[in-house]
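# Tertiary structure, described
Here's the letter readout for the chains.
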Amino acid sequence: MPALTTVGAVVLSMGDRPTELAKALETLLAQEGVELDVVLVGNGWEPTGLPEGVRTVHLPENVGIPEGRNVGAREVRGDVLFFYDDDAFLPSTDVLARLASEYARDDRVAVVQPRGCDPDGRPTPRRWVPRLRADDGGTGGEVVVFWEGVCTIRRAAFEAVGGWPGHFWYGHEGIDLAFRLVDAGWRLLYRPDVVVNHPATQPTRHAVYYRMNARNRVWVAKRNLPHPVAELYVGVWSAITVARVRDREKLGVWFRGLREGVRTDAGDRRPMSWRTAWRLTRAGRPPVV
């Protein structure tokens, strides 16, 4: 695959996980079969003490996850972008080569996601598996959503749809990007036979989760869904949240985030076609849940 041998790896870090970051970079730099360019974005942190072969970008203030990744994508070289959490690691030296091989087979492929596995054997979070049936990691093949924690994306596709929604800060940037890629006619693939390791943590451990979860769901709808699907999407997720979250204080934060999403500017609105909505539905992911 001579045209796609260069992989640009973007690692975003706040510098608060030095042990994990060291292992992430060690296993990344050990990758074989690709020409690798690595950029570490210090998100509110000035990176120091990094191994040779890692270039750095210092952001004086934390700009959030999606915008930090956008910064890295602009700085790194590569036809295929590899977005890589700083607490993940690659258990074999051929992870990137196996993922990158998919892009040479079909020039319509925009995303190839590996399977995420907790290194200590904890259950895989449901949100990591882009399938309705998540047993044993789910089946491989074409999907319409993907896990943004560790993934590869064709640069041409990424740039064509505008990259990550930088103003989201945290939460649902993956579904926003997936909607735009699918609507533009790109294909998303899942390779559960290619494993990466990542701690199976829950997003609810963060206090900011409930606000961002609600606000960004509204923004996803306002940016990507036609009427009245957008309103139905927000309504369905509101009902699901009320049913799931029993803590009144957390629900209060969630509904304040919902109001914030309704009242604020979500950014560029490009409602998907009804053909795309049907494609999502046929894949078991109707754009109302």
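Positions within a chain are numbered from 1, following the residues in the order the chain's sequence is written. The predicted origin of the model limits local features to residues at a pLDDT of at least 70 and limits the giving and counting of side-chain atom pairs to 80 or more, whereas totals for whole chains, interfaces and linings rest on all residues. Where side-chain values are given, they derive from all heavy atoms of the structure, hydrogens and water being excluded.

The next thing to look at is the overall build of the chain. Only runs of H or I of at least four residues qualify as helices and only runs of E of at least two qualify as strands under DSSP, and these elements are numbered from the N terminus. When helices and strands are counted, the chain shows nine helices and eight strands. Based on C-alpha atoms, the radius of gyration is set beside the globule rule, defined as 2.2 Å times the residue count to the power 0.38. A compact globule built from 289 residues should have a C-alpha radius of gyration of about 19 Å, and the chain, at 18 Å, falls within 12% of that. Out of the 289 residues belonging to the chain, those deemed buried represent 54%. By definition, residues are in contact when any of their heavy atoms lie within 4.5 Å. Summarising the internal contacts of the chain: among those between residues at least 6 apart in sequence, 76% fall at separations of at least 24. When a residue's accessible area, from a 1.4 Å probe over protein chains only, is under 20% of the maximum for its type it is buried; when over 50% it is exposed; and in between it is partly exposed.

Turning our eyes to something else, we now look at the UniProt feature "domain: Glycosyltransferase 2-like" (unreviewed entry) in the chain. UniProt positions are given in the numbering used here, feature names are shortened, and annotations may be inferred rather than shown by experiment. When the UniProt feature table is mapped to this numbering, "domain: Glycosyltransferase 2-like" (unreviewed entry) covers residues 19-161. Helix makes up 27% of residues 19-161 and strand makes up 27%, while its end C-alpha atoms are separated by 35 Å.

Working definition of a disulfide: a covalent bond connecting the sulfur atoms of two cysteines. Two cysteine sulfurs form a disulfide in these notes if their separation is within 2.5 Å. The full count for this structure, using the stated rule, is zero disulfides. The structure places no disulfide on cysteine 151, whose sulfur is separated from the nearest cysteine sulfur, that of cysteine 117, by 16 Å. Look at cysteine 151 and you get buried, because its relative accessible area is 0%.

So, about the pairing of strand E2 (residues 35-43). Most of E2 is tucked away, with seven of its nine residues classed as buried. Strands are labelled as partners when DSSP assigns at least two bridges between them. By the bridge criterion, eight bridges tie strand E1 (residues 6-13) to E2 in an arrangement that is parallel. Bridge pairing in E2 places alanine 9 opposite valine 38. Throughout, right-handed denotes a crossover for which the path from the first strand over the helix to the second runs clockwise when the strands point away from the viewer. Between the parallel pair E1 and E2, the chain is carried across by helix H1 (residues 18-29), and the sense of this crossover is right-handed.

Here we take up the packing of helix H6 (residues 209-224) against helix H7 (residues 229-244). Contact pair H6 / H7: the axes reach a minimum separation of 8 Å and the direction vectors enclose 160°. One finds that H6 runs roughly antiparallel with respect to H7. The element H6 and its partner H7 pack so that their crossing is right-handed. Only Ala230, Tyr233, Val234 and Trp237 of H7 make contact with H6, whose side of the interface consists of Arg217, Val218, Val220 and Ala221. Note that Gly is not counted as nonpolar here; it falls among the polar residues with everything else outside the nonpolar set of Ala, Val, Leu, Ile, Met, Phe, Trp, Tyr, Cys and Pro and the charged set of Asp, Glu, Lys and Arg. Among the residues making up the contact of H6 with H7, the classes are represented as seven nonpolar, no polar and one charged. Helix axes use the C-alpha atoms of the stretch in contact, all axes being lines fitted to C-alpha atoms, and the angles between their N-to-C directions lie in the range 0 to 180 degrees. Working rule for angles: under 35 degrees goes down as roughly parallel, over 145 as roughly antiparallel, 65 to 115 as roughly perpendicular, anything else as oblique. In this scheme, a crossing is called left-handed if the near helix is turned counterclockwise away from the far one by less than a right angle; it is called right-handed if the turn is clockwise.

Here we come to the packing of aromatic side chains. In this analysis, rings of Phe, Tyr and Trp, with Trp reduced to its six-membered ring, are considered paired at centre separations within 6.5 Å, and the interplanar angle assigns stacked below 30 degrees, edge-to-face beyond 60, and tilted for intermediate values. Evaluated as defined, the whole model comprises nine aromatic pairs. Consider the rings of tryptophan 128 and tryptophan 147, whose centres lie 4.5 Å apart with planes at 20°: the pair is stacked. Of the two residues, tryptophan 128 is situated in the loop between strand E5 (109-117) and strand E6 (141-143) and tryptophan 147 in the loop between E6 and strand E7 (150-154); the sequence distance between them amounts to 19 residues. Geometrically, the ring pair formed by phenylalanine 146 and tryptophan 164 is tilted, given 6.2 Å between the ring centres and 50° between the ring planes. Of this pair, phenylalanine 146 sits in the loop between E6 and E7 while tryptophan 164 sits in the loop between helix H4 (155-160) and helix H5 (173-183), placing them 18 residues apart in sequence. No difference in accessibility class separates phenylalanine 146 from tryptophan 164, as the two residues are buried. Through a chain of ring-to-ring contacts, three or more aromatic side chains come together here, namely Phe83, Phe146, Phe158 and Trp164. Criterion for a charge above a ring: Lys NZ or Arg CZ within 6 Å of the ring centre, and within 35 degrees of the ring normal. Looking at arginine 69, its charged tip hangs above the ring of tryptophan 164, at a distance of 5.5 Å from the centre. Seen from the ring of tryptophan 237, arginine 217 lies directly overhead, with NZ or CZ sitting 3.5 Å from the centre.

Attention now moves to the nonpolar core. Here, nonpolar core refers to any group of buried Ala, Val, Leu, Ile, Met, Phe, Trp, Tyr and Cys residues whose side-chain atoms link them within 4.5 Å. In this structure, Phe83, Phe146, Ile153 and Leu181 are the most contacted members of the largest nonpolar core, which totals 55 residues. Of the residues forming this core, the biggest block, eight residues, is contributed by H6. Excluding residues within four positions of it along the chain, phenylalanine 83 makes contact with Val10, Arg69, Ala73, Gly149, Val150, Cys151, Ile153, Phe158 and Trp164.

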